[in-house]
Amino acid sequence: MLTNKQKRYLKNEAIDPNAIFQIGKSGISDGQINSIIDALNAHELIKIKVLKSCPYDVHSVAEKLSNRTQSEIVQIIGRVIVLYQASEKGIHHL
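Predicted model, so just to flag it, every value in this text is computed and none were measured.

## Quick look at the packing of helix α2 (residues 30–43) against helix α3 (residues 58–69)
- At a minimum axis distance of 10 Å, the contact between α2 and α3 shows a crossing angle of 70 degrees. Regarding the angle of α2 to α3, the classification is roughly perpendicular. The crossing of α2 and α3 is right-handed. Residues Asp30, Ile33, Ile36, Ile37 and Leu40 of α2 touch α3, and the partners they reach there are Leu65, Arg68 and Thr69.

Here's what the structure looks like:
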């Protein structure tokens, strides 16, 4: 579980990166989960955009992604989810 101080730090780090995944009308697939896990291992901090065509609300998508990728929800801004998972590389030192 991230502390408030760690979340603030990660929110600042997430300002620049663009969303690298989109969740659309098909919802969340196993292929997307595997790709998101790979991205988290490589970058630790990623953004995911939930399109308006997605049949699920942003918060339920965030919870599902967090659970299936074993990552932390840093924040949800509008339709964008920021996820964090510490990697062995330790890119973002908390």
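## Regarding unusual backbone geometry
- Of note, the phi angle at glutamate 44 is positive, near 70 degrees, even though the residue is not glycine.
- Structurally, the position occupied by glutamate 44 is in the loop between α2 and β2 (45–50).

## Re α2
- With 14 residues, α2 should reach 20 Å at 1.5 Å per residue; the first-to-last C-alpha distance of 20 Å fits that figure.
- Where α2 is concerned, the buried positions are Gln32, Ile33, Ile36, Ala39 and Leu40. Down the axis of α2, the sector holding all buried residues measures 125 degrees, keeping them to one side. Residues of α2 that are exposed and angled more than 90 degrees away from the buried face: Asp30 and Asp38.
- Looking at the packing, one finds that the buried side of α2 touches β1 (21–23), β2, α3 and β4 (80–84).
- Glutamate 44 lies just past α2 and shows a positive phi near 70 degrees.

Cut-off values and rules
- Residues numbered from 1 in each chain as written.
- Predicted model: local features only at pLDDT ≥ 70, side-chain atom pairs only at ≥ 80, totals over all residues.
- Heavy atoms only, no water.
- Axes fitted to C-alpha atoms, helices over the stretch in contact; angles between N-to-C directions.
- Helix = DSSP H or I, 4+ residues; strand = E, 2+ residues; numbered from the N terminus.
- Parallel < 35°, antiparallel > 145°, perpendicular 65-115°, else oblique.
- Left-handed = near helix turned anticlockwise from the far one by under 90°.
- Contact = heavy atoms within 4.5 Å.
- Expected span 1.5 Å × (residues − 1).
- Buried < 20%, exposed > 50% of the residue type's maximum accessible area, 1.4 Å probe, protein only.
- Arc of directions from axis to C-beta.

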